[in-house]
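Coordinate inspection notes
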Amino acid sequence: MDVKIEAGWKAILADEFEQPYFKTLTDFVRSEYAATTVYPPARLIFNAFDSCPFEAVKVVILGQDPYIGPGEAHGLCFSVNDGITFPPSLRNIFLELKNDVGKEIPLSGNLTAWAQQGVLLLNSLLTVRAGQSGSHQGKGWERFTDAVIRRINEHKRHTVFILWGNYAIRKGEFIDRARHLVLTSVHPSPLSASRGFFGNRHFSTANAYLSMNGDTPINW
């Protein structure tokens, strides 16, 4: 199947795109976009990959599914388009970032600049119906994004995986901890952030690990 995605990802995921489940998934997604409102816009489904080529990946942050409100989702987990009010989890991410590395809270919640430095902002599900969280669960996206994580795990070294919340932690259970750094904590949601997200210092820890292994730190 000819998937429009960054060339490095297209090569490393070529076998996955030929699997029967992926065709079924593609047919489902196309039917959803034709019948109802789906986020992100179709052209941005693979934005996380297009913004962060496979060869450039240094850090992976794992989310669950895209934001469900108008104008929010643009294919990068936790990120919103310019001009959109910060969702609560993103605001807490910025608060932890400020406490950890002293970075002032930005005016925009658009995290494209992170992606362009090698941060793969990957949702487990790449599409969602407007207003219906989890509405595209069980259709094949989970299998696809598991394959993405496996390719990184197998073909790269010294990648930082940042897993917030039980869902992300379970999804990353197979990552080789001897080969990569895996950082885990509760989710930045207001329901859990005070129970271990604040103070996790994942941003500075990730940069220290990258530096230790000869890579350029992220300008968060």
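Here we summarise the structure given alongside this text.

1. Some thoughts on the overall build of the protein
For the protein, the count of helices and strands is 9 helices and 6 strands. For the C-alpha atoms alone, the extent of the protein along its principal axes is close to 45 × 35 × 25 Å. Each of the 220 residues in the protein was classed as buried or not, and the buried ones make up 53%. Within the protein, counting contacts between residues at least 6 apart in sequence, those at least 24 apart form 65% of the total. Counting every atom, the protein has about 10,000 Å² of accessible surface; 50% of that belongs to carbon and sulfur.

2. Points about the sheet that holds strand E5 (residues 160–164)
An order of E3-E2-E5-E6 is seen for the 4 strands of this open sheet, with the pairing classed as parallel. Looking at which strands have only one partner, the edges of the open sheet turn out to be strand E3 (119–123) and strand E6 (181–185). The average undirected angle you get between the axes of adjacent strands in this sheet is 20°. The pairing of strand E2 (residues 59–63) with E5 spans 4 bridges and is classified as parallel. Its bridge partner being in E5, Val60 is matched across the sheet by Phe161. Each of E2, E3 and E5 is contacted by helix H7 (residues 141–155), which is oriented at about 155° to E3, the strand it contacts most.

3. A closer look at the state of the cysteines
Overall, the coordinates contain 0 disulfides when judged by the stated rule. Note on Cys77: no disulfide assigned, nearest cysteine sulfur contributed by Cys52 at a separation of 11 Å. Accessibility expressed as a relative area gives 0% for Cys77, which makes it buried.

4. Focus: the side chain of Thr159
Turning to its location among the elements, Thr159 is positioned in the loop between H7 and E5. Those residues in contact with Thr159 that sit more than four places away from it in its chain are Val57, Lys58, Val59, Val60, Ile152, His180, Leu181 and Tyr209.

5. So, the pattern of salt bridges
Counted under the stated rule, the structure contains 8 salt bridges. Across the pair Lys10 and Asp2 runs a salt bridge, and its minimum N-O distance is 2.4 Å. Arg129 is the partner of Glu32 in a salt bridge, and the nearest nitrogen-oxygen pair spans 2.6 Å. Highlighted residues: Glu32 in helix H3 (residues 20–35) and Arg129 in strand E4 (residues 128–129), separated in sequence by 97 residues. Residue class for Glu32 comes out buried when judged on its relative accessible area of 7%. On the accessibility criterion, Arg129 (28% relative accessible area) is partly exposed.

So, how was this worked out
- Residue positions within a chain follow its written sequence, with the count starting from 1.
- Only residues with pLDDT of 70 or above have their local features reported here, since the model is predicted, and side-chain atom pairs are shown and tallied only from 80 upward, although totals for entire chains, interfaces and linings are computed over all residues.
- To get the side-chain values, all heavy atoms of the structure are used, and hydrogens and water are removed first.
- A run of H or I in DSSP becomes a helix once it reaches four residues, and a run of E becomes a strand once it reaches two; helices and strands are each numbered from the N terminus.
- Accessibility here uses a 1.4 Å probe with only protein chains present; expressed as a share of the type maximum, an area under 20% marks a residue as buried, one over 50% as exposed, and anything in between as partly exposed.
- A contact between two residues is defined here by any heavy atoms of the two lying within 4.5 Å.
- Computed with a 1.4 Å probe, the accessible areas rest on the Shrake-Rupley method; for each residue, only the protein chains presented here act as cover.
- What makes two strands pair is DSSP finding at least two bridges between them.
- Angular values range over 0 to 180 degrees, each being the angle between N-to-C directions of two axes fitted as lines to C-alpha atoms, with helices fitted over their stretch in contact.
- Cysteine sulfur atoms that pair up within 2.5 Å are treated as a disulfide.
- A carboxyl oxygen of Asp or Glu within 4 Å of a side-chain nitrogen of Lys or Arg is what we treat as a salt bridge.

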